[in-house]
Amino acid sequence: MATADARPLIGEPIALDLLNTRWMREGELVDLFAGAFGLSRVEGLAVWLESTGLAGRFRADAATLVHLMTAREALARAVANPADESATALIDAVLEHGRIRATLTAEGPGERAEFDDPTWGPAWTAARNYLELLGTAPERIRKCASETCVLHFHDTSRNGTRRWCSMAACGNRAKASRHYARTRER
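The structure contained in this document is the topic of the report that follows. Not measured: the values here are computed from a predicted model. (Residues numbered from 1 in each chain as written. Predicted model: local features only at pLDDT ≥ 70, side-chain atom pairs only at ≥ 80, totals over all residues. Heavy atoms only, no water.)

**Description of the nonpolar core**
- With 44 residues, the main nonpolar core has L18, F33, W48, L75, I91, Y130 and C165 as its most contacted residues.
- Sorting the residues of this core by element identifies α1 (14-19), α2 (41-52), α3 (62-80), α4 (85-95) and α5 (121-136) as the ones contributing at least two each.
- Ranked by the residues each element gives to this core, the list is headed by α3, at 7 residues.
- Sequence-distant contacts of I91, defined by excluding residues within four places in its chain, comprise A74, L75, A78, A127 and Y130. (Core = buried A, V, L, I, M, F, W, Y, C linked by side-chain atoms within 4.5 Å. Buried < 20%, exposed > 50% of the residue type's maximum accessible area, 1.4 Å probe, protein only. Helix = DSSP H or I, 4+ residues; strand = E, 2+ residues; numbered from the N terminus. Contact = heavy atoms within 4.5 Å.)

Written out as structure tokens, the structure is:
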């Protein structure tokens, strides 16, 4: 499939990139896995797998989509409320479907992910990535500061003060809104 990923924010760590398969467009929630842009649900999955570099490892099919949507819901709940025990349990349930096997390669020590069912691969990979983000810098997992945006990002700015999913989109709208409010006050 040669369809480009039309989401407004791509390239985030895979856990957050999965969350960003839902976004706001002209005031409406759009879901890449629910027929956005005339794609079928599985075609939307294929676009996401290609965009994240997972297309060569996993197939786009209905079972993979169901598992991935389970992981997306768990991640959305965990990011929104890290103390949500049911979200934690759901992430753990996704992680039960895979494991890391230590390997020795010609280059030295390595690791390989293994799955009891390959259709769980992308969901497990996203859940595992979330654990990695929590282990390195959980405070840098952020939701865009725009009240009308639902996107998430990993703040990689030097001082850790990034507020917007994109300065070109939400950041500029916020600045323009503040400027308009100041000029109206005068």
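**Here we look at the packing of α3 against α5**
- At a minimum axis separation of 8 Å, α3 and α5 run at an interaxial angle of 20°. Judged by the inter-axis angle, α3 sits roughly parallel to α5. Of the two possible hands of crossing, α3 and α5 adopt the one that is right-handed. Contacts from T64, H67, L68, A71, L75, A78 and V79 in α3 reach P122, A123, A126 and Y130 in α5.
- Across the contact of α3 with α5, the residue classes tally to 9 nonpolar, 2 polar and no charged. (Axes fitted to C-alpha atoms, helices over the stretch in contact; angles between N-to-C directions. Parallel < 35°, antiparallel > 145°, perpendicular 65-115°, else oblique. Left-handed = near helix turned anticlockwise from the far one by under 90°. Nonpolar A, V, L, I, M, F, W, Y, C, P; charged D, E, K, R; others polar.)

**A closer look at α4**
- Those residues of α4 that fall on the buried side of the exposure criterion are A87, I91, V94 and L95. Down the axis, α4 shows its buried residues gathered within 100° of arc, on one side only.
- Elements in contact with the buried residues of α4: α3, β3 (98-105) and α5. (Arc of directions from axis to C-beta.)

**Points about unusual backbone geometry**
- With a phi angle near 55°, E26 is a residue other than glycine that sits in the positive phi range.
- Here E26 shows up in the loop between β1 (22-25) and β2 (28-31).
- By relative accessible area, E26 is classed as exposed at 77%.
- One non-glycine residue with positive phi stands out, namely F37, at about 60°.
- Here F37 lies in the loop between β2 and α2.

**Some points on the environment of N81**
- Assignment of secondary structure puts N81 in the loop between α3 and α4.
- Between the C-alpha atoms of N81 and A93, which are 12 residues apart in sequence, the distance is 18 Å.

**Remarks on the pairing of β1**
- One ladder, built from 4 bridges, connects β1 with β2; its direction is antiparallel. Residue pairing in the sheet places R22 in a bridge with D31 of β2.
- Following β1, the chain reverses through 2 residues before pairing antiparallel with β2; E26 in that reversal takes a positive phi of roughly 55°. (Pairing = 2+ DSSP bridges.)

**Observations concerning α3**
- For α3, which comprises 19 residues, the first-to-last C-alpha distance of 27 Å matches the rise-based estimate of 27 Å (1.5 Å per residue) to within 8%.
- If you check which residues of α3 are buried, you get T64, L65, H67, L68, A71, R72, A74, L75, A78 and V79. (Expected span 1.5 Å × (residues − 1).)

**Things to note about the packing of α4 against α5**
- Contact pair α4 / α5: the axes reach a minimum separation of 8 Å and the direction vectors enclose 125°. As summarised for this structure, α4 and α5 are arranged oblique, according to the angle between their axes. The way α4 lies across α5 gives a crossing that is left-handed. Of the residues in α5, those in contact with I91, V94 and L95 of α4 are A123, W124, A127, R128, Y130 and L131.
- Taken together, the residues of the contact of α4 with α5 sort by class into 8 nonpolar, no polar and 1 charged.

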